[in-house]
Amino acid sequence: MSVLKLCLLSSEIVPYAKTGGLADVAGALVRNVSALRHDVRAFTPLYPIVRRNYPDLQPVLGAQRVPLRIGDTEYGFSLLTCAYPGSDAPVYFVDCPALFDRPGLYTNDPDEHRRFLLFTRATLEGCRRLGFSPQVFHCNDWHSAFLPLYLRTLYASDSLLARAKSLLTIHNIGYQGVMPSAAAADVGPASVWALLDQGDFGRGGINALKTGIRHAHRVSTVSPTYAREIRETPLGMGLESALRERTDRVTGILNGVDYQAWDPRHDPHLDAHFNPEDLRGKLINKEMLTATLGLKIATSRPLIGMVTRLTEQKGIDLLMDALPDLLQARDFGLVVLGSGDSKYSGFFESLAQRFAGRVSYRTGFDEPLAHLIEAGSDIFLMPSRYEPCGLNQMYSLRYGTIPVVRNTGGLADSVQHFDPGTGRGTGCVFNDYDAPAVRWAINTVLDWFAIPSIWAQLQRNAMAQDFSWTRQIQEYEALYRGLA
Ligand code: ADP
């Protein structure tokens, strides 16, 4: 099979910069596509944290202080590079201190759109400087969603880039990159504005993600169910009809899991390892977890874990209704790691006070604790309002930690409701987004926990699941090949 030439754009990529699942997926794509011997190159912004942690990045000859105008401002950018860890794939960092030297990866600054317009244009200009002619540009989320339109306009007669195709992957449709119409001059010349959604433009806005959906050659999202939900239900958050216009060009590919990092057989964050044949290490992790967090529950009692951003998306509102009663009525422990909205962190703080010794809440971003919660909990809770893919439920399955999930997006595609009659299924799945449904689900899973033979069957089923990238990557390869 012929070698594909691919260019991937992502606003975050592990191990350099991460705020969520997008970084994991971008990194996994680069490593796994490169392992198939394709010529894949990644572009990402050079944030201060990357400059600090990776002082040995090499300047790219011929791509230093390249002038690039966004609206009325002349910005220069330079490219720095290194090989992606464990691969030959180059990563190119777009260095533009005027736009990227900010405290976080993302900002609420008035020039936020310019930061990623420059990133997108610098990728295209960078490819020209490198003499790199990708067959497919793989754009991710709103940050690079103008690229498909640029290919059709600014680069339509470029000798290197005119024939390139574009794929736009939507990791979360909740973030669309909406900017005021006044930003039109930043987006590009009149030939570009003419192809923006004129209705939106008239109402005062330019929607980056919608522009990408309309102009990309293909659109994908991170699970088959989410692909359907964003076309057919209000989960499309206003972009349903834009997606329906492209129905035959929209696909869902479930994310994979990096089992080098997330496998209880060799997880580097754990002292005690385990596998489906020998779960003694899981109990040791449970003891370590409860001891670390100062919980006083016996190891024979069920322990529920959560690791999550505390946003409305994650379904914490349901837990605010359901958990206090459940904790009164039943004997179980709860550990929560997550930060975000103070409404939700306040709830967990007060729950931990009221049920001291049974409930623990930790805030901040803590990778080792996230691994210990996966390994040491019996049950993992993800009652999301929507979930494009979700990674933690797939990690949980590997660790024999039974997921309780709502029937939405990637949760629906990766967890099957357990049937004690047939012994089939991997978790507890509830449908309605309301407190009685989550209450039913938690009661059900606690009842299963109380019967050792049922629980052992569930854990066996869960741990036998395989969501490795080696499987999922073939779907991306087929998509790239179809485009090329
Ligand atoms: P999303 O991208 O919507 O946040 P995902 O489930 O796709 O949700 O990915 C979230 C990733 O971030 C997981 O790897 C999860 O373990 C991790 N994570 C979330 N919050 C924390 C935290 N407070 N500490 C450590 N890891 C976290």
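All values derive from a computational prediction rather than experimental measurement. (Residues numbered from 1 in each chain as written. Predicted model: local features only at pLDDT ≥ 70, side-chain atom pairs only at ≥ 80, totals over all residues. Heavy atoms only, no water.)

**What to know about the pairing of strand β4 (residues 66-70)**
Where burial is concerned, the two faces of β4 differ: the one with V66, L68 and I70 is buried and the one with P67 and R69 is not. Across five bridges, the pairing between β4 and strand β5 (residues 73-83) is antiparallel. Of the residues in β5, the one forming a bridge with I70 is T73. Between β4 and β5, which pair antiparallel in sequence order, lie two residues; one of them, G71, sits at a positive phi of approximately 60°. (Buried < 20%, exposed > 50% of the residue type's maximum accessible area, 1.4 Å probe, protein only. Helix = DSSP H or I, 4+ residues; strand = E, 2+ residues; numbered from the N terminus. Pairing = 2+ DSSP bridges.)

**Section: helix α19 (residues 452-463)**
Between the first and last C-alpha of α19 there are 16 Å, a value that for 12 residues agrees with the 16 Å anticipated at 1.5 Å per step. Contacts from the buried residues of α19 go to α12 (280-293), β16 (379-382), α16 (392-398), β17 (402-406) and α18 (435-449). (Expected span 1.5 Å × (residues − 1). Contact = heavy atoms within 4.5 Å.)

**Some remarks on the pattern of salt bridges**
Inspection of the entire model under this criterion finds 28 salt bridges. In this structure, R51 engages D101 in a salt bridge whose closest nitrogen and oxygen atoms are separated by 3.5 Å. Residue R51 is located in helix α2 (residues 48-53), and its partner D101 is located in the loop between α3 (97-100) and α4 (112-130); the two are separated by 50 residues in the primary sequence. Take R51: its relative accessible area is 34%, and that puts it in the partly exposed class. A residue is classified by how much of its surface remains accessible, and D101, at 39% relative accessible area, is partly exposed. Among the salt bridges present, the one from R214 reaches D197, with a minimum N-O distance of 3.2 Å. One end of the pair, R214, is in helix α9 (residues 208-215); the other, D197, is in the loop between α7 (190-193) and α8 (198-202), with 17 residues separating them in the sequence. Note on R214: relative accessible area 34%, which makes it partly exposed. (Salt bridge = Lys/Arg side-chain N within 4 Å of Asp/Glu carboxyl O.)

**Things to note about the packing of α12 against helix α15 (residues 367-376)**
At a closest axis distance of 8 Å, the pairing of α12 and α15 adopts a crossing angle of 130°. In terms of axis orientation, α12 runs oblique to α15. For the element pair α12 and α15, the recorded crossing hand is left-handed. In this structure, α12 uses K282, N285, K286, M288, L289, T292 and L293 to contact α15, whose residues at the interface are L369, L372, I373, E374, A375 and G376. Taken together, the residues of the contact of α12 with α15 sort by class into seven nonpolar, three polar and three charged. (Axes fitted to C-alpha atoms, helices over the stretch in contact; angles between N-to-C directions. Parallel < 35°, antiparallel > 145°, perpendicular 65-115°, else oblique. Left-handed = near helix turned anticlockwise from the far one by under 90°. Nonpolar A, V, L, I, M, F, W, Y, C, P; charged D, E, K, R; others polar.)

**Structural notes on the nonpolar core**
One finds V94, L118, F137, F146, L209 and Y480 to be the most contacted residues of the largest nonpolar core, which totals 92 residues. Element by element, the count of residues in this core is highest for α4, at seven residues. (Core = buried A, V, L, I, M, F, W, Y, C linked by side-chain atoms within 4.5 Å.)

**So, unusual backbone geometry**
For residues besides glycine, phi is generally negative; the peptide bonds are generally trans as well. With an omega of 5°, the peptide bond running from V14 to P15 counts as cis. Structurally, P15 is set in the loop between β1 (5-9) and α1 (21-35). Even without being glycine, R37 reaches a positive phi, approximately 75°. Relative to the helices and strands, R37 resides in the loop between α1 and β2 (39-45). Positive phi outside glycine occurs at D141, with the angle close to 60°. One can find D141 in the loop between β7 (136-140) and α5 (147-152). Since its relative accessible area comes to 9%, D141 is described here as buried.

**Here we look at α12**
With 14 residues, α12 should reach 20 Å at 1.5 Å per residue; the first-to-last C-alpha distance of 20 Å fits that figure. Considered for burial, the residues of α12 that qualify are G281, K282, N285, K286, L289, T290 and L293. In this structure, the buried side of α12 is in contact with β13 (303-307), β14 (333-337), β15 (359-362), α15, α18 and α19. With its phi angle positive at about 70°, G294 sits one or two positions after the end of α12.

**Here's the deal with the pairing of β14**
The buried fraction of β14 amounts to five of the five residues, a majority that puts the element mostly inside the structure. Neither face of β14 is exposed, since G333, V335 and L337 on one face and L334 and V336 on the opposite face are all buried. Pairing of β13 with β14 involves five bridges; the strand directions are parallel. Bridge assignment links L303 to a residue of β14, and that residue is G333. Since β13 and β14 lie parallel, the crossover through helix α13 (residues 316-329) that links them has a hand, and here it is right-handed. In this sheet, β15 lies alongside β14 in parallel orientation, the contact comprising four bridges. Looking across to β15, one finds that L334 is bridged to V359. Crossover connection from β14 via helix α14 (residues 342-354) to parallel β15: handedness right-handed. (Right-handed = clockwise from strand over helix to strand, strands pointing away.)

**As for the side chain of T169**
Here T169 shows up in strand β8 (residues 165-170). A polar side-chain atom of T169 sits 2.6 Å from a polar atom in the side chain of H138. Polar contacts involving the side chain of T169 include one to the side chain of S220, which spans 2.8 Å. (Polar contact = N/O pair within 3.5 Å; in protein donor to acceptor, adjacent residues only side chain to side chain.)

**Details of the domain arrangement of the chain**
Considered domain by domain, the chain is made up of domain 1 (5-256 + 469-483) and domain 2 (280-463). When each unit is reduced to the centre of its C-alpha atoms, the spacing between domain 1 and domain 2 is 34 Å. Of the residues lining the interface, 18 residues belong to domain 1; the matching set on domain 2 comes to 18 residues. For the pairing of domain 1 and domain 2, the buried interface totals around 1300 Å² over both sides, and the portion due to carbon and sulfur atoms is 59%. Counting the surface domain 1 buries against domain 2, the share from its top three residues, T225, L235 and L254, is 28%. Those elements giving two or more residues to the side of domain 1 that touches domain 2 turn out to be α1 and α10 (224-232). Here the element with the most residues in the side of domain 1 that touches domain 2 is α10; it accounts for four residues. Among the residues making up the side of domain 1 that touches domain 2, the classes are represented as seven nonpolar, eight polar and three charged. (Domains from an automatic or database assignment. Buried area = accessible area lost by both parts, 1.4 Å probe.)

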